[in-house]
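Report on the structure
Take a look at the letters that make up each chain.
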Amino acid sequence: MGCWYSRIHRQEIVSRCKARKRYVKQLVKARQALAASHSMYLRSLRATGSALVQFSSNETTLHHHHHTPPVHQTPPPPPPMSLSSDTWTSGGTTTASPALPPPPPPPSSSWDFWDPFAQANASRSFTEEEWEAATSASEAAVTATTGVASVAPPPSVVSGMFSKDTGSELAMVVSRNSKELVEIAKEVDEYFLKAADAGSHLSLLLEVSNSNSSAQSKGGKVYNYSCNLTPTTWTWNWNQKMEGIGKLGENNNVGDAGGGVLSSSHSSTIERLYAWEKKLYQEVKNVEAIKIEHEKKVAHLRKLEVKRANYMKTEKTKKEVEKLESQMMVASQAIETTSAEIIKLRESELYPQLLELVKGLMSMWRSMYEIHQVHTHIVQQLKYLNFIPSNEPTSEIHRQSTLQLELEVQQWHLSFCNLVKAQRDYIQSLAGWLRLSLFQFSKNPLLRNSQESKIYSFCEEWHLAEDRIPDKVASEGIKSFLTVIHAIVVQQAEEYKQKKKADAAFKDFEKKAAELRSLESKYSTFSVPETNKDPVAEKKRKVDLLRAKAEEEKNKHEKTVSVTRAITLNNLQMGFAHVFQAMVGFSSVCMQAFKSVYNQAKSIEQEHDVKRILP
């Protein structure tokens with residue numbers, strides 16, 4: 001019974017070490033995926049802003065001469081769909097281009113969007129007075145102009161303010177004067193760039209620039225991404241220097257002349273950790289194989305002794321048993337040495353790096369939270385655009401810029417989902433390894449080392465925080481913006497289709513009109529035989545019908561143009577509001593979650609330091 005239990009126990013240790021190795025292997029890949037997805041997300045922010053400016057430039061061109069029509073001109077007829085702040089209502093004759101459904105409603109959420117007073121714990125530098133003045137001014141401007149076609153924007157608030165704890169600029173860019181769509185888009189783009197820059201420090205920490213070469217050298221999938229990192233030298237807060245990626249399995253912890261410790265990069269740390277785990281797995285398998293062989297030899301020796309077998313045979317078996325016992329001792333010492341190296345790597349390098357990662361995430365999402373709040377302010381100006389429907393058709397260049405915007409917003413949504421998944425995969429692999437690796441080879445597994453419990457509780461809190469982050473609301477917010485952009489693409493396609501029909505009808509009319517002119521010229525010098533029908537009159541009737549059809553198709557095209565212009569503005573007004581509200585809420589939750597994890601870890605460290613000082 002005891003032998004059976006011993007063998008089962010040994011098999012469990014081997015499988016446990018195998019699982020440990022598997023988790024660290026996943027961690028290596030998860031770091032690469034996290035670096036790549038982080039870079040792709042920052043790239044998508046930049047690309048979305050750029051595509052938005054290009055789209056808005058083309059859209060503004062269509063409205064450029066239509067803000068204030070001259071008095072002697074008759075304004076264009078109203079579009080078949082009248083524009084309101086929230087919904088579409090039927091307001092004209094039915095055309096060949098049916099009205100598109102309204103954009104989807106904003107995703108449901110328990111967040112209180114754009115409530116500065118609810119975010120007092122975010123260490124904002126705004127006074128309560130400043131927020132109150134800004135909010136009151138905006139509400140007064142909107143209330144005073146309800147129902148008016150062209151409303152005045154709210155007065156400008158505060159510019160060039162800085163958050164004390166992050167140093168990030170929070171320019172409140174509400175203008176005193178009415179702005180063109182492209183001006184608003186350029187301001188949105190400016191803060192998309194700021195949002196991308198907010199992730200630069202984390203990019204350095206994740207070694208984004210090394211991810212392609214690292215993945216390529218291992219034969220993995222390589223993502224084509226770029227990230228314009230600022231030339232900032234990142235150093236660990238624990239006063240250790242960064243150095244290049246070390247060789248796999250190489251121990252780079254070498255004391256320097258100043259008494260400090262040189263630290264490897266994060267990728268190097270976990271790659272060396274993987275090398276040690278592979279070594280540990282082989283050593284555990286080896287010692288278990290020796291133990292099994294030892295049990296067999298011991299059992300054989302007992303049989304020989306019971307039978308009082310040949311002396312030489314018995315002595316030979318005894319020597320074999322002693323040799324195996326010596327091998328077991330050496331193998332066990334190797335396991336202890338490898339375990340000690342893993343612990344050393346975990347405590348001296350990995351844990352401080354993890355603290356910096358969480359601190360970097362907290363800082364990045366705090367900046368994103370502040371920047372997306374500014375985005376929310378900027379897009380509120382869309383409500384005050386001096387809009388008069390235009391009859392200028394959508395150009396081919398504008399259609400292409402709309403398709404490009406749709407593509408970039410789609411990439412934004414995809415990269416956001418990948419980023420959230422990569423963050424969760426990373427901490428899941430890390431937490432899984434820690435659960436299996438802690439206390440396994442301790443002589444007294446019931447006694448938990450303070451360092452071990454510190455990193456364990458830290459990663460468990462991080463894991464729980466990631467699971468609590470409601471990313472679906474933000475994902476749906478970006479998706480709803482993608483939906484309204486797609487609706488513009490569909491409407492532009494409908495407009496283009498109607499243009500083709502109008503052009504074809506006009507060409508048909510021109511062709512038959514030319515034939516009529518030729519026929520009229522032919523019969524002008526000859527009298528028409530009384531017995532026959534008048535060919536000119538018959539041709540004229542057909543031409544009149546084609547003229548009417550061409551005119552009808554032209555009118556339909558003009559109406560689809562008006563619908564396109566109206567849908568574009570309405571969808572931007574609604575879509576932008578939804579997406580930035582969702583991102584403000586998500587960023588706020590992320591900031592608070594990582595802040596809580598980091599502060600709790602620092603608090604535990606301080607308690608540990610106090611206990612160590614006290615007698």
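Structure: above.
Presented here is an overview of the structure given in this document.

Rules and cut-offs
Per-chain numbering applies: the sequence of each chain, read as written, is numbered from 1 onward. Given that the model is predicted, a residue must reach a pLDDT of at least 70 before its local features are reported, and side-chain atom pairs must reach 80 or more before they are shown or counted; all residues, however, enter totals for whole chains, interfaces and linings. Side-chain calculation: all heavy atoms of the structure are included, whereas hydrogens and water are not. Secondary structure elements follow DSSP: runs of H or I of four or more residues count as helices, runs of E of two or more count as strands, with numbering from the N terminus. Three exposure classes are used, based on accessible area relative to the maximum for each residue type with a 1.4 Å probe and protein chains only: buried under 20%, partly exposed in between, and exposed over 50%. Counted as a polar contact is a pair of N or O atoms within 3.5 Å, where, for protein atoms, one must be capable of donating a hydrogen and the other of accepting one, and residues adjacent in sequence contribute only when both atoms are in side chains. Here an angle of 0 to 180 degrees is reported between the N-to-C directions of two axes, which are lines fitted to C-alpha atoms, with helices fitted over the stretch in contact. Should an angle lie under 35 degrees it is considered roughly parallel, over 145 roughly antiparallel, and from 65 to 115 roughly perpendicular; all remaining angles are considered oblique. Contacts between residues were defined by any pair of non-hydrogen atoms, one from each residue, lying within 4.5 Å. Note on residue classes: Ala, Val, Leu, Ile, Met, Phe, Trp, Tyr, Cys and Pro are nonpolar, Asp, Glu, Lys and Arg are charged, and everything else, Gly too, is polar. Definition of nonpolar core: a set of buried residues of the types Ala, Val, Leu, Ile, Met, Phe, Trp, Tyr and Cys, connected through side-chain atoms within 4.5 Å. Working rule for handedness: look at the near helix, and if it is turned counterclockwise from the far one by less than a right angle, call the crossing left-handed; if clockwise, right-handed. When two rings of Phe, Tyr or Trp (its six-membered ring) have centres within 6.5 Å they constitute a pair, described as stacked for plane angles under 30 degrees, edge-to-face for angles over 60, and tilted for the intermediate range. Lysine and arginine charges are scored as sitting over a ring when NZ or CZ, respectively, is within 6 Å of the ring centre and within 35 degrees of the ring normal. Throughout this description, the term salt bridge denotes a Lys or Arg side-chain nitrogen within 4 Å of a carboxyl oxygen of Asp or Glu. What goes into a patch is any residue over 30% in relative accessible area without a salt bridge, connected to like charges within 9 Å or, for nonpolar side chains (Val, Leu, Ile, Met, Phe, Trp, Tyr), within 5 Å. Values of accessible area rely on a 1.4 Å probe in the Shrake-Rupley scheme; residue burial ignores everything except the protein chains shown. Residues counted as positive are Lys and Arg, residues counted as negative are Asp and Glu, and His and the chain ends are not counted. Here the site of a charge means atom NZ of a Lys, CZ of an Arg, CG of an Asp or CD of a Glu.

Below, the discussion takes up the environment of R16. Inspection of the secondary structure puts R16 in helix α1 (residues 2-63). Exposure remark for R16: the relative accessible area of 26% places this residue in the partly exposed category. When the C-alpha positions of R16 and W433 are compared, they lie 9.9 Å apart, and in sequence the two are 417 residues distant. Within the structure, R16 has its side chain in polar contact with the backbone oxygen of L436 (distance 3.0 Å).

Attention shifts here to the packing of helix α3 (residues 181-197) against helix α7 (residues 311-379). The N-to-C vectors of α3 and α7 enclose an angle of 175°; their axes lie 10 Å apart at closest approach. Looking at the two axes, α3 sits roughly antiparallel to α7. For the pair α3 and α7, contact is made by I184, E187, V188, Y191, F192, K194 and A195 and by M368, I371, V374, H375, I378 and V379, respectively. Looking at the contact of α3 with α7 residue by residue, the class counts come to 10 nonpolar, one polar and two charged.

This brings us to the nonpolar core. One finds L354, W365, W412, L430, F458 and W462 to be the most contacted residues of the largest nonpolar core, which totals 103 residues. Take this core: its biggest share by element is 22 residues, from α7. Sequence-distant contacts of W365, defined by excluding residues within four places in its chain, comprise L419, Q423, F586, S587, C590, M591 and F594. F509, V536, V543 and L546 belong to the second-largest nonpolar core, a separate cluster that totals nine residues.

Turning our eyes to something else, we now look at the packing of helix α6 (residues 266-307) against α7. Two elements in contact, α6 and α7, have axes whose closest approach is 8 Å; the angle formed by their N-to-C orientations is 160°. Our classification of the angle between α6 and α7 gives roughly antiparallel. Here α6 and α7 pass one another in a crossing that is left-handed. In the contact of α6 with α7, the residues fall into 21 nonpolar, 12 polar and 14 charged.

Turning next to the packing of aromatic side chains. This model, assessed by the stated rule, comprises 11 aromatic pairs. Residues F192 and W412 carry aromatic rings whose centres are separated by 5.5 Å and whose planes lie at 90° to one another, so their mutual orientation is edge-to-face. One end of the pair, F192, is in helix α3; the other, W412, is in helix α8 (residues 396-437), with 220 residues separating them in the sequence. With respect to class, F192 is no different from W412; both count as buried. Ring geometry for F416 and F586: centres 5.0 Å apart, planes at 70°, overall edge-to-face. Highlighted residues: F416 in helix α8 and F586 in helix α11 (residues 535-613), separated in sequence by 170 residues. Note that R22 overlies the ring of Y23, its terminal NZ or CZ placed 5.8 Å from the centroid. Positioned above the aromatic ring of Y191 is the side chain of K194, whose terminal nitrogen or guanidinium carbon lies 5.4 Å from the ring centre.

Let us look at the pattern of salt bridges. Inspection of every chain in the model, using the stated rule, returns 21 salt bridges. Between D544 and R547 there is a salt bridge, with its nearest N and O atoms 2.7 Å apart. With D544 and R547 both in helix α11 and three residues apart, the pair spans about one turn of that helix. Put simply, K512, E515 and K539 are held in one network by salt bridges that share partners.

With that settled, the discussion passes to a positive patch on the surface. A cluster of like positive charges, contributed by K303, K307, K313 and K316, occupies part of the molecular surface. For the positive patch, the secondary-structure elements that each account for two or more residues are α6 and α7. Structurally, K307 can be placed in helix α6.

Turning next to the environment of E305. Among the secondary structure elements, E305 is positioned in helix α6. The exposure class assigned to E305 is partly exposed, which follows from its relative accessible area of 42%. Setting aside chain neighbours within four positions, we find E305 in contact with T314 and K318.

Another aspect to go through is unusual backbone geometry. Unusually for a residue other than glycine, E207 sits at a positive phi of about 55°. Relative to the helices and strands, E207 is located in the loop between α4 (200-206) and α5 (208-217). Judged by its relative accessible area of 6%, E207 falls in the buried class.

By themselves, these observations are geometric and do not establish any function.
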